Amino acid sequence: MKLWQWSTDEGTDNASMNILGKVSINGAFSTTLLKILDQLSVQRPMIICDATLRSQQVVQRLIRHIEHTPRKLTVFSDFSANPKYNEVLQGIAWFKNQQCDFLVSIGGGSSIDVAKCIKAFHNLSPAKPYVEQPILPSELKHLAIPTTAGTGSEATHFAVLYYQETKYSIADQSLRPDYVILDAQLLRTLPEYQRKAGMLDALCQSIESYWALKATNTSRRYASKAIELILNAHQGFLMNQNKANQAMLQAADYAGMAIDITTTTAAHAMSYQLTANYHIAHGHAVGLCLPAVWREMLVHMNLIEDPQQRQALSQVFDEIAYLLGFQEPMQAIDWLNHFIDDLQLLRPQLKNTAELETLVSAVNVQRLKNNPVPLHAEQLREIYGQVLNQGSSTR
């Protein structure tokens, strides 16, 4: 069993279980989880996973293993792919009624986000909506076990839920999972489309975090490592090779650590409405957006008033191109477009001008503030035009 503990520079091997680290293993994740529960003296764990995953053999086996111990186990699966506030309330009620003392999330970003929300809200007053209250410190611990390679949610301190049909982001340093198990075996049954979408999400997070206004030397080291791992592993990952699965899990985790520092930029801000309108996965949507956003930023560098900032960003774009294997940003952008087309992902087609205006008006302007080049409605229209009028292919 290979054990990892991530630091601000690189991962380092540990000779024994370090409870304050991230565990990277190849199979037997349930054994590792039970060791952690033992070391922490957990008596009433709550597993959060979606209904589909709960029915799979790997989770059923884990449930049986825990039930064969003296612990009292609660499993919560009553939530949707885009978690809703009322679903989180139900999870909190279960958590309190069963007097749970530990959270285990298994799945993609939705499962991990629900666990984060339960941790964030379980000790707040029910007298007013939880999303309107500041998050209070909590001793409750959360262990995340991702079963997709893309979101990096296991490495971030924020979560998303829908309250009154509006997308809310909650953030607090305490929401970053305390423990993480990365097990390549859990990716064996990952559908091909989810592989492609997750890989694009991790790649786009890495690129966006590298150029984000909030970027630091540390976040760029994480992003660089993620890009390197993705480029080296993507072919094997699409072929469901175990070694590549493990590399992609670690790439997504590095991308998550980078975006945890910087947050996202315009490509992510523009992707959410594509997901809502055209029912495509988030990673698919952001993958379509990013090359067009990058191209538009290159064209409109003049929107940056400070010449020193323009020069610095030009260097950053050159560095990203180099990380992707190219001398110039335009070459990297062309490669990204071909890379996406080679994945045979659907490019939705724009129907009319009204649809375009709906997309533009839905962009979260707060996320645009982290973008290195100011983008206004005119630029957003141009980007969506590029994304939605470049021909189509089938999944």
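Definitions and cut-offs
- Residues numbered from 1 in each chain as written.
- Predicted model: local features only at pLDDT ≥ 70, side-chain atom pairs only at ≥ 80, totals over all residues.
- Heavy atoms only, no water.
- Core = buried A, V, L, I, M, F, W, Y, C linked by side-chain atoms within 4.5 Å.
- Buried < 20%, exposed > 50% of the residue type's maximum accessible area, 1.4 Å probe, protein only.
- Contact = heavy atoms within 4.5 Å.
- pLDDT = per-residue confidence, 0-100.
- 1 Å grid on protein atoms, 1.4 Å probe; cavity = no way out; pocket = protein on both sides within 12 Å on 5 of 7 lines; lining within 4 Å.
- Points joined across faces, edges and corners; volume = space filled by probe spheres on them.
- Helix = DSSP H or I, 4+ residues; strand = E, 2+ residues; numbered from the N terminus.
- Nonpolar A, V, L, I, M, F, W, Y, C, P; charged D, E, K, R; others polar.
- Disulfide = S-S within 2.5 Å.

Let's talk about the nonpolar core
Next up, step 1: Residues I207, W211, L274, V293, W294, I320 and L324 are the most contacted members of the largest nonpolar core, which totals 79 residues.
Next up, step 2: Contact partners of V293, with chain neighbours within four places excluded, come to W211, A266, A267, M270, L375 and I383.
Next up, step 3: Y85, I92, C100 and L161 belong to the second largest nonpolar core, which has 26 residues in total.

Structural notes on the confidence of the model for the protein chain
Next up, step 1: Summarising the model, the protein chain shows a mean pLDDT of 91, and 93% of its residues fall at 70 or more.
Next up, step 2: Counting contacts from residues 1-20, a segment whose pLDDT is below 50, to residues more than four positions away or on other chains yields 56 contacts.
Next up, step 3: Confidence drops under pLDDT 50 across residues 391-395; counting only partners more than four residues distant or on other chains, this segment forms 13 contacts.

Things to note about empty space enclosed by the protein
Empty pockets left among the atoms are what a rolling probe the size of a water molecule brings to light.
Next up, step 1: Under the criterion given, the structure shown has 1 cavity of 30 Å³ or more.
Next up, step 2: Empty space within the largest cavity amounts to approximately 30 Å³.
Next up, step 3: Taken together, the elements giving at least two residues each to the lining of the largest cavity come down to α6 (192-211), α10 (282-299) and α12 (329-342).
Next up, step 4: Of the residues in the lining of the largest cavity, the class split is 7 nonpolar, 1 polar and no charged.

Comments concerning the state of the cysteines
Next up, step 1: In the structure shown here, the tally under the stated rule is 0 disulfides.
Next up, step 2: Lacking any disulfide linkage, C117 is separated from the closest cysteine sulfur, that of C49, by 16 Å.
Next up, step 3: You can see C289 has no disulfide; the closest cysteine sulfur is in C204, sitting 8.6 Å from it.
Next up, step 4: Look at C289 and you get buried, because its relative accessible area is 0%.

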